[in-house]
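Architecture at a glance
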Amino acid sequence: MSVQAVVDKLKAKFGETVLETIEFRGETTVVVKKEEIVAVSTFLKEDVGFNFLTDLCGVDYMGQAPRFMVVYQLYNIATHTRLRVKAPVEESDTTIDTVSGVWATANWLERECWDLMGITFNNHPDPRRILLPADWEGHPLRKDYPVQGPDREPYQGRLQ
Amino acid sequence: MANHETMTINMGPQHPSTHGVLQLVLELDGEIVRKATPHIGFLHRGVEKLAEHRTYHQVLPLTDRLDYLAPMHNNLGYVLAVEKLLGITDEIPERAQVVRVLLAELTRLKSHLVWLACHALDIGAMTVFIYAFREREHIMNIYEKVSGARMTSNYFRVGGLSADFPEGLDKEIRDFIDTMPGHLDTYEGLLTGNKIWQKRIQNVGVISAEDAIDLGVTGPSLRGSGVDWDLRRDQPYSGYENYDFEVVVEQGCDTWARYVARLKEMRESCKIIYQALDKLKPGPILADAPKIVLPSKQDTVNTIEGLIHHFKIISEGFKPEAGEVYVGVENPKGEVGFYLVSDGSPRPHRMKIRPASFINLQALPKMVEGSMIADVVAVIGTLDIVLGEIDR
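Residues numbered from 1 in each chain as written. Chains lettered and ligands numbered in written order. Predicted model: local features only at pLDDT ≥ 70, side-chain atom pairs only at ≥ 80, totals over all residues.

Re the overall build of chain B
- In terms of helices and strands, chain B carries 17 helices and 8 strands.
- On C-alpha atoms alone, chain B measures out to a radius of gyration of 22 Å, which is about the 21 Å that the 2.2 N^0.38 rule sets for 392 residues.
- With the C-alpha coordinates aligned to their principal axes, the bounding extent of chain B is approximately 85 × 45 × 35 Å.
- Within chain B, buried positions represent 51% of all 392 residues.
- Long-range pairs, those at least 24 residues apart, make up 70% of the contacts in chain B between residues at least 6 apart in sequence. (Helix = DSSP H or I, 4+ residues; strand = E, 2+ residues; numbered from the N terminus. Rg over C-alpha atoms; globule rule 2.2 N^0.38 Å. Buried ≥ 20, exposed ≤ 12 C-beta atoms within 10 Å, placed from the backbone. Contact = placed C-beta atoms within 7 Å.)

A look at the overall build of chain A
- Check the secondary structure of chain A and you find 3 helices and 7 strands.
- Taken from the N to the C terminus, the helices and strands of chain A come in the order α-β-β-α-β-β-β-β-α-β.
- Relative to the 2.2 N^0.38 estimate, which gives 15 Å for 160 residues, the radius of gyration of chain A is 17 Å and therefore close to what a compact globule would have.
- In terms of principal-axis extent, the alpha carbons of chain A reach across some 50 × 40 × 30 Å.
- Counting over 160 residues, chain A shows a buried share of 39%.
- Sequence separation of 24 or more characterises 47% of the internal contacts of chain A that already satisfy a separation of 6 or more.

So, the interface of chain A and chain B
- On the chain B side, the residues contacting the 28 residues of chain A number 35 residues.
- Going through the elements one at a time, strand S3 (52-60), strand S5 (81-89) and helix H3 (106-117) of chain A are the ones with two or more residues in the side of chain A that touches chain B.
- The biggest single contributor to the side of chain A that touches chain B is S3(A), with 6 residues.

Some details on the sheet that holds S3(A)
All names here are of chain A.
- Spatially, 5 strands are ordered S1-S2-S5-S4-S3 in an open sheet, and the strand pairing comes out mixed. Every other strand in the sheet has two partners, leaving strand S1 (18-24) and S3 as the edge strands with one partner each. The sheet shows a mean angle of 20° between the axes of neighbouring strands, taken without regard to direction.
- Sheet topology places S3 next to strand S4 (residues 68-76); 8 bridges connect them, and they run antiparallel. Of the residues in S4, the one forming a bridge with Cys 57 is Val 71. (Pairing = 2+ DSSP bridges. Axes fitted to C-alpha atoms, helices over the stretch in contact; angles between N-to-C directions.)

A short note on the sheet that holds strand S2 (residues 23-29) of chain B
Residue and element names in this part refer to chain B.
- Strand order in the open sheet formed by 3 strands is S1-S2-S3, and the pairing between neighbours is antiparallel. With one partner strand each, in any of the chains shown, strand S1 (7-11) and strand S3 (32-39) form the two edges of the open sheet. Direction aside, neighbouring strands of the sheet carry axes that sit 20° apart on average.
- Both S2 and S3 contribute to a ladder of 7 bridges, which runs antiparallel. Bridge pairing in S3 links Glu 27 to Lys 35.
- In the packing of helix H16 (residues 373-383) onto the sheet, the strands contacted are S1, S2 and S3, and the crossing angle to S2 comes to about 150°.

Considering the domain arrangement of chain B
All names here are of chain B.
- Domain boundaries assigned for chain B yield domain 1 (7-39) and domain 2 (47-350 + 375-391).
- The centre of domain 1, based on its C-alpha atoms, is set 30 Å off from the matching centre of domain 2.
- Contacts between the two partners involve 11 residues from domain 1, matched on the other side by 7 residues from domain 2.
- Of all the secondary-structure elements, those providing two or more residues to the side of domain 1 that touches domain 2 are S2 and S3.
- Of the residues assigned to the side of domain 1 that touches domain 2, the class counts are 7 nonpolar, 4 polar and no charged. (Domains from an automatic or database assignment. Nonpolar A, V, L, I, M, F, W, Y, C, P; charged D, E, K, R; others polar.)

Comments concerning the packing of helix H5 (residues 126-147) of chain B against helix H6 (residues 169-191) of chain B
All names here are of chain B.
- Remark: H5 packs on H6, axes separated minimally by 10 Å, with the N-to-C direction vectors making an angle of 165°. Here H6 runs roughly antiparallel to H5, going by the angle between their axes. For the crossing formed where H5 meets H6, the hand is left-handed. Of the residues in H6, those touching H5 at Thr 127, Val 128, Tyr 131, Ala 132, Glu 135, His 138, Ile 142, Lys 145 and Val 146 are Leu 169, Glu 172, Ile 173, Phe 176, His 183, Thr 186, Tyr 187, Leu 190 and Leu 191.
- Residues belonging to the contact of H5 with H6 are distributed by class as follows: 11 nonpolar, 4 polar and 3 charged. (Parallel < 35°, antiparallel > 145°, perpendicular 65-115°, else oblique. Left-handed = near helix turned anticlockwise from the far one by under 90°.)

A look at helix H4 (residues 94-123) of chain B
All names here are of chain B.
- For H4, with 30 residues, the first-to-last C-alpha span of 43 Å sits near the 44 Å given by 1.5 Å per residue.
- Burial analysis of H4 places 27 of its 30 residues in the buried class, the great majority of the element.
- Where H4 ends, the next residue or the one after it, Gly 124, has phi of about 115°, a positive value. (Expected span 1.5 Å × (residues − 1).)

With respect to unusual backbone geometry
Residue and element names in this part refer to chain A.
- With an omega of -5°, the peptide bond running from Ala 65 to Pro 66 counts as cis.
- Along the polypeptide, Pro 66 turns up in the loop between S3 and S4.
- Here His 80, not a glycine, exhibits a phi torsion of approximately 55°, which is positive.
- Inspection of the secondary structure assignment puts His 80 in the loop between S4 and S5.
- A tally of 12 C-beta atoms within 10 Å means that His 80 is categorised as exposed.

Thoughts on the pairing of S5(A)
Residue and element names in this part refer to chain A.
- With 7 of 9 residues buried, S5 lies mostly within the body of the structure.
- Sheet topology note: the S4/S5 ladder contains 9 bridges and is antiparallel. When the bridges of S5 are listed, Tyr 75 appears paired with Arg 82.

Description of the packing of H6(B) against helix H11 (residues 255-279) of chain B
Residue and element names in this part refer to chain B.
- Where H6 contacts H11, the two axes come as close as 10 Å, and the packing angle between them is 165°. In terms of orientation, H6 and H11 fall into the roughly antiparallel class. The hand of the H6/H11 crossing is left-handed. Listed contacts from H11 to Asp 170, Ile 173, Arg 174, Ile 177, Met 180, Pro 181, Leu 184 and Glu 188 of H6 are Leu 263, Met 266, Arg 267, Cys 270, Ile 273, Tyr 274 and Leu 277.
- Its residues assigned to classes, the contact of H6 with H11 comprises 11 nonpolar, no polar and 4 charged.

Comments concerning the pairing of S4(A)
- The buried fraction of S4(A) is high, at 8 of 9 residues.
- Connecting the antiparallel pair S4(A) and S5(A) is a turn made up of 4 residues, with A:His80 showing a positive phi of about 55°.

Structural data, given as C-alpha cells:
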C-alpha cells in the first residue's frame, strides 16, 4: 500500500482528526489531534502495517500556537515505507497519551521526551527522567532554556 | 518461601564489561536475574541542544562524538539529512558517493572489530582482542590518512567530501582487505569451534522477532532474530543500490546468531569495499552549489566570488527552506537517523538523533531477565552498545 493510500484510509476512518497532510522532499507528514493519538497509532500499526516506531520526539515552536509538536517516525518493514505523524500539544496543557502500549519502543523515547522537552505522557508505565538526574529542574530542549545552563541569560546568537 | 529474599546490586557505572558508563541495577535471586533496570545519562552532553545554536556545517563535528566507534557513519547520516533538506541529494558527485560508501564499510569493519574484541574479552577469550585490535589499528591508520584524525574523522561535508581521497591509498586499502578474510578465519578459528565460547553464548539473550520489532531493535541485533531488513538495500542511500551484497539474516534469535550474523556481515563489507575501489574514478568531490559548499582555498584567495561565498558560509551559513526531513542510515549498530527541522534560518530549529544503541539497550531487560548474572555480560556485548550514542 502506498503512503498516499494510507493517508486516504486514515482520512476516511478518522475524518476531522486528521488536521493536515504535508509533503516535503518526498516525505509524508500527517498531523492529527492529540486526543486520538492512541487510536490513530493502533490503526496504523494493526491495519496498515506500520509495525515499527523508528523515533519519537518533541519539537518546540516557541511563539507559535500550539507551542509543541510530538513527532512519531513510523516505518513499515514489509513495504519499506516511512510515515511521519505529528500531534500538536498546547503550552497550557503539555500532556498527550502514551503510545507505549502500541509500540514498546515508545517507553524510553517518551521518557526522553518528558525529560528534555517536558511533555507529560498520560498512563506511561515508567514516567521517570532518563538522561538527566532525577532532581534536575527544567527541560533543556525547550527554546526558553539557555544553552549555557539554567542560571544564565538566554543565548542571543552570534549574529544578533 | 517466607525467608526468600532477593538482592539488589549495582553493575556499573564503573564496570569493565559495561562498555562505558552504563549502570545496571540488578535484582538477583541467587544467581538468577529477576529484574534489570538500566540507568543511563552519565555521558549526556546535550548534542541536540548544541546543534540548535550552530550552523549546519558546524554541527558536523558533534556527530563524530555520538557513536565514536563509527564516526563516519554518523557523519554520513547527518550530511545525507542536510542534503535532503536542501534538495541536493542528486547533485552529489559520483566520486564522493563512492568514497562515502568505501569509508562507511571500512567503518563497519572497524566497529565490528571492536565489538568482537570486547565481546570475546568480556566472556574471557582474551586472544581475539589482541588480534582484532591489530586490524582495527590498520583501519585507524587509513582513517588518519584520509581525514587526519583517527577517531573524530569529520571528513564528509554537506555536498561531498572535505578533501580528496589520497592518491595511492586505494592500493593500501585493497592490500588490507585482501588479508581480512584470513583474519576473520583466525577469529573464527579461535571462537566458533571453542566449547566454552559456544556454551557462553548459545541460547543466551534470546529475543523473538516480534519482541525485537516491538522494542525497536535494529541492525545485526534484529537480523540475528530472523528479520530481513537492511536500510542499505531497502532504502538505499549514497548509491548502495549499485553494489552487490547479501543481507545476512540468522534465525537463531540468540547471542550466537548475532555473533554469526556480524562475522558474515564483515565479509560482506569486504565485498562492498572491493566494488567501491573498482568504482573509484577521478572526478569532482563536491557538488556544484557555491552557496552551500565551501570554495577551495585557491578560489577563496584568488576570486572575488570565492571570497564572498567563503565569508558568507563561514559567518552566516546557508539557509535551507523551511521544512523537515528524516534520514536513517544502516550504522554498524543499527539504524541511526537524523530528523532535521528547518525554520528557514541558518541553524537547525531542531535536530533529533535516532540513536541505535539507545533503543537497542531498551531490549536488554527483556533479554536478561530470568537468566544467569554471567549472561548479562554476554548480552551487553552482543547488543554492541556505545554510551556516547546512548547519552548524546
